[in-house]
Amino acid sequence: MFFNSRKWDLKSIQSKPLLLLVALLLTVGCATTPLNTLSGQPQLQQSPIPSRIILNLTQTPASSQAVTWRTPSIATNSRAEIAKATGSPDFATKASTTPALNETVTLDDNSIVFSHSVVFKELTPGTLYAYRVGNGTVWSEWNQFRTAQNTFTPFSFVYFGDPQEQVKSLCSRTFRTAFSTAPDAAFWHFVGDLVDNGDKDREWEELFDAIGFIPRVTPMILVPGNHEYPDRRRIKGDAFRIFPLWRPQFTLPENGPKGLEETAYFLDYQGVRFIMLNGNEQLEVQAQWLETILADNPQPWTIAAIHQPIYSTGHRGRDHRRQELFVPIFDRFSVDLVLQGHDHTYARTKRLVSGQAIVGQNRGTVYVTSVSGPKSYPVNHRYDPLMEVTATGQQLFQVIRVDNNTLTCEAFDSAGNRLDKFQLKK
Ligand SMILES: [Fe+2]
Ligand SMILES: [Fe+2]
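Attention in this report is confined to the structure presented alongside it. Along each chain, residues carry numbers from 1 onward, in the same order as the chain's sequence is written. Starting at A for chains and at 1 for ligands, labels are handed out in the order in which the entities are written. In keeping with the predicted nature of the model, local features appear solely for residues at pLDDT of at least 70, side-chain atom pairs appear and are counted solely at 80 or more, and the whole-chain, interface and lining totals rest on all residues. The side-chain numbers reported here are obtained from all heavy atoms of the structure, hydrogens and water having been left aside.

So, on to the packing of aromatic side chains. We describe a pair of aromatic rings using the distance from one ring centre to the other and the angle between the two ring planes. Aromatic rings from Phe, Tyr and Trp, taking only the six-membered ring of Trp, are treated as a pair when their centres fall within 6.5 Å; an angle between ring planes under 30 degrees marks them as stacked, one over 60 as edge-to-face, and anything in between as tilted. One pass over the structure, following the stated rule, counts 30 aromatic pairs. Ring centres of Phe187 and Tyr269 lie 5.0 Å apart, and the angle between their planes is 65°; this geometry places the pair in the edge-to-face category. Here Phe187 is found in the loop between α3 (167–181) and β10 (188–190), whereas its partner Tyr269 is found in strand β12 (residues 265–269), with 82 residues between them in sequence. No difference in accessibility class separates Phe187 from Tyr269, as the two residues are buried. Secondary structure elements follow DSSP: runs of H or I of four or more residues count as helices, runs of E of two or more count as strands, with numbering from the N terminus. Note on classification: 1.4 Å probe, protein chains only; a residue is buried when its accessible area is under 20% of the maximum for its type, exposed when over 50%, partly exposed between these limits.

Here we take up the packing of α3 against helix α4 (residues 201–211). Between N-to-C directions, angles span 0 to 180 degrees; the directions come from axes that are lines fitted to C-alpha atoms, helices contributing only their stretch in contact. Remark: α3 packs on α4, axes separated minimally by 8 Å, with the N-to-C direction vectors making an angle of 35°. Note on packing geometry: the crossing formed by α3 with α4 is right-handed. Along the contact surface, α3 presents Val167, Lys168, Ser172, Phe175 and Arg176, while α4 presents Glu206, Leu207, Asp209, Ala210 and Ile211. Across the contact of α3 with α4, the residue classes break down as five nonpolar, one polar and four charged. Crossing chirality is assigned from the near helix's rotation relative to the far helix, an anticlockwise turn below a right angle marking it left-handed and a clockwise turn marking it right-handed. Any pair of residues with heavy atoms lying within 4.5 Å of one another is described as a contacting pair. For this scheme, ten residues count as nonpolar: Ala, Val, Leu, Ile, Met, Phe, Trp, Tyr, Cys and Pro. Four count as charged, namely Asp, Glu, Lys and Arg, and the remainder, Gly too, count as polar.

Bringing the nonpolar core into the picture now. In terms of nonpolar packing, the biggest core is built from 67 residues, with Trp188, Phe274 and Leu339 touching the most fellow members. Residues lining this core come from more than one domain, with at least three contributed by each of domain 1 (51–146) and domain 2 (155–425). Sequence-distant contacts of Leu339, that is, excluding residues within four places in its chain, are made with Phe157, Tyr159, His189, Val191, Ile303, Ala304, Ala305, Ile306, Val368 and Ile400. For the purposes of this section, nonpolar cores are sets of buried Ala, Val, Leu, Ile, Met, Phe, Trp, Tyr and Cys residues that join through side-chain atoms within 4.5 Å. Core analysis: the next-biggest nonpolar cluster, separate from the first, contains 26 residues, Trp289, Leu325, Val338 and Leu352 among them. For every domain, the bounds stem from an assignment made automatically or drawn from a database.

Encoded structure:
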């Protein structure tokens with residue numbers, strides 16, 4: 001601020017060596033780590049300012065809301081505050097406090113950071129809340145979110161395929177166009193491969209840079225892709241497990257099969273049952289679990305998500321395993337829509353039952369594959385008879401609106417052009 005208050009004239013500085021020396025000393029002084037006056041050791045200047053603040057939907061989004069954040073040093077009084085939001089700043093006087101759960105996270109460079117999380121509970125449905133996170137001294141800004149209604153109410157959400165590469169450089173515009181195209185989206189839904197190397201914190205940093213303030217105000221639901229896991233070709237057995245950065249960064253439901261907490265789970269949102277499948281491991285266990293939660297599903301609409309496509313348009317070999325396990329269950333319980341990634345293409349099937357297109361009837365499952373990042377693969381045409389649309393080479397996002405009897409999905413590119421639209425009717 002001080003240096004901005006006056007424009008320095010370089011020539012006049014050069015003509016005044018004493019002034020230059022003073023400026024140099026000031027600069028060096030500012031850049032030097034202060035010494036601890038007692039020990040003479042450099043003091044760490046780590047600030048507990050919360051970063052990577054992200055909302056996640058819970059199993060009960062009408063009455064609870066999860067938030068996770070990071071600090072570089074342990075925040076012993078780590079906590080969050082929440083109040084019903086009003087137009088007046090006085091809302092903050094009515095805030096209540098929830099202590100955070102704290103977790104130590106070792107990064108890939110062996111440095112330590114701290115992850116904090118809170119689940120706000122006993123919230124009122126359909127209500128705008130303001131919250132902040134911090135330690136009682138240092139706080140984030142107040143951010144706002146709205147709880148879900150506890151009845152079947154129309155809403156929109158945004159679905160993204162893999163960002164994965166050049167996330168800051170090239171996915172930022174996808175996220176920003178998505179936010180301006182559907183500013184009222186209830187949440188964003190990612191289906192894996194958020195980064196290329198899920199064990200590299202620098203890549204997650206890029207993702208949080210690219211997505212900006214949006215996860216602070218728009219809750220996220222996510223399933224992991226294969227890039228959030230080590231390479232299966234090199235790691236076998238018990239060592240094949242999700243990279244340790246996934247779970248501390250998010251606070252997702254833990255109502256799926258044992259061992260797949262926060263990676264396979266379900267939640268109900270205003271008339272839709274959302275089912276997250278982890279396409280990387282324990283597929284047989286998940287198939288059994290899927291049957292149980294679909295057999296007891298009171299919601300009129302059902303949407304499943306899995307990273308690896310059931311009918312792949314990618315360059316990889318055909319994998320029958322997910323088809324054999326999941327398609328009979330999707331068919332038996334009339335799952336409406338399956339959201340997928342991994343292929344780095346865009347693909348939308350016709351309504352399918354038992355791997356066959358069903359024409360002219362309001363039944364069958366539509367499988368969509370999409371990609372939000374810049375990496376593209378050519379379309380493999382092995383499933384062409386099942387496909388309504390295939391494309392590649394675009395960075396995309398999908399706005400999905402659920403109304404009483406109609407589900408509408410529109411695919412947009414990062415320039416805001418609509419490339420596909422379809423509707424499912426009940
Ligand atoms: Fe991918
Ligand atoms: Fe993938």
